[in-house]
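Descriptive structure summary
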Amino acid sequence: MSAHASFLTDRLLLSIVRDDGAFANVQRVCLAGCNRLTDSAVCRLLDVCGENLECLELSDCTLISTSTIEHAARVCRSRKDGKSCLVFLDLAGCSNVDTLDALRLTETNFEALREIRLMGTSRLNGRVPQDEFVELARELEARRARWRDGIGRRREDAVRRAEADDSPGTDVGNTVTAEDMMNMIDPSASCIDCACGDASRGEEIEPWILEGRENVPAWVTTCCIQPALCVVDLPKRVKHWKTKLDIWEEGTAPIAACDHAMVMQGNMNDPGHQHQLNLLPGCGHVLCVDCEQRSRVHMVRRHLDNEYVYPCPLCGMDMPNPGGFEITLNP
Ligand SMILES: [Zn+2]
Ligand SMILES: [Zn+2]
């Protein structure tokens, strides 16, 4: 449907959705860019085609809210075993979907889900209050720890099994081959059949799994140790932004990009200070809304590029586009 995104309204969508069972065979729904659709029409569509749905693309459906994901969690279930068939969920740019709720809902409700895209959802869109961003960063860290525990347990089990089989005295830790490593990890709990070989996907590789082991195929290290669910881009970026935030909180590094931010960092005196400060996630510099606005007049258009970029007044690195993701610091 995304080819008709510009004029696809609720009414138009509802007029083609029938409850005659034919939609139950639908496996892929692409509504990318359909920014006129609301929850009610998309939920109605999911009602009739949720059963076998494997791929749901809702990127840039800006009117869609978290309730559509809640609804999908209820109705995207197979009649046979009650499990969800959904493998791929794209919510990138859905600014009304709460990032945290989407993460939690997908972790518990979609058993088959392998990939979810969440960049540009509510906690990573526009000016996000510091507390909301920190809550998201904490949840991602907790999720990562849960995943690590699972991998760690499976690895210990495998090592125990190997020790029971092998002759005594074999040092399992240093003689593990790539093949052993494959066997060590429970295929049902990791994406062993994926073999995508794309090192840029998902979370970063845990250092322990590569220690002392050479010639491990790239796809083993990128895929087999991943959580069943691949949260594209999110963990790494959020971690990066959280680091910038921590630097500001420590108050030691000179990252204030305007005089008003310097007051907050304690380098100047201004008792009447009333400025709303934002952290630019990319470079980590902090400046007030007024100074940010003023510095945006120095926009530049790079060679052969149609879009303007806005250099940070302190370091020259690109600021987010107007309305883009920034973290509003606690007053
Ligand atoms: Zn300022
Ligand atoms: Zn900067």
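Summary of the structure given here. (Residues numbered from 1 in each chain as written. Chains lettered and ligands numbered in written order. Predicted model: local features only at pLDDT ≥ 70, side-chain atom pairs only at ≥ 80, totals over all residues. Heavy atoms only, no water.)

Okay, helix α3 (residues 66-75) next. Inspection of α3 places Thr-66, Thr-68, Ile-69, His-71, Ala-72 and Ala-73 among the buried residues, and these make up the whole buried set. Contacts made by the buried residues of α3 are with α2 (39-49) and α4 (99-109). (Buried < 20%, exposed > 50% of the residue type's maximum accessible area, 1.4 Å probe, protein only. Helix = DSSP H or I, 4+ residues; strand = E, 2+ residues; numbered from the N terminus. Contact = heavy atoms within 4.5 Å.)

Here we come to the coordination of the zinc ion (ligand 2). Those protein atoms acting as donors to the zinc ion (ligand 2) are Cys-283 (SG), His-285 (ND1), Cys-312 (SG) and Cys-315 (SG), and they sit at 1.9 to 2.3 Å. Here the donor residues for the zinc ion (ligand 2) map to a single chain with the spacing C-x1-H-x26-C-x2-C. Here His-285 falls in the buried class, since its relative accessible area comes to 11%. (Donors = N, O, S within 2.8 Å, 3.2 Å for Na, K, Ca; no water.)

A separate point is the coordination of the zinc ion (ligand 1). Looking at the metal site, the zinc ion (ligand 1) is ligated by Cys-258 (SG), His-260 (ND1), Cys-288 (SG) and Cys-291 (SG), spaced 2.0 to 2.3 Å from it. Geometry at the zinc ion (ligand 1) is tetrahedral, judged from the four donor atoms that bind it and their angles of 100 to 119° at the metal. Spacing between the donor residues of the zinc ion (ligand 1) along their common chain follows C-x1-H-x27-C-x2-C. Pair noted here: His-260 is in helix α9 (residues 259-264) and Cys-288 is in strand β8 (residues 286-288), with a separation of 28 residues, a long-range link. (Tetrahedral: all angles 85-135°; square planar, octahedral: opposite > 155°, others 65-115°.)

Ordered in space as β5-β11-β7-β8, the four strands form an open sheet in which the pairing is mixed. In this open sheet, the two strands that pair with only one neighbour each are β5 (127-129) and β8. Pairs of neighbouring strands in the sheet enclose a mean axial angle of 35°, with direction left out of account. Bridging between strand β7 (residues 277-279) and strand β11 (residues 326-328) involves two bridges; their strand directions are antiparallel. Bridging across to β11, Asn-278 finds its partner in Thr-328. On top of the sheet, helix α8 (residues 234-250) reaches β7, β8 and β11; it is set at about 135° to β7, its chief contact. (Pairing = 2+ DSSP bridges. Axes fitted to C-alpha atoms, helices over the stretch in contact; angles between N-to-C directions.)

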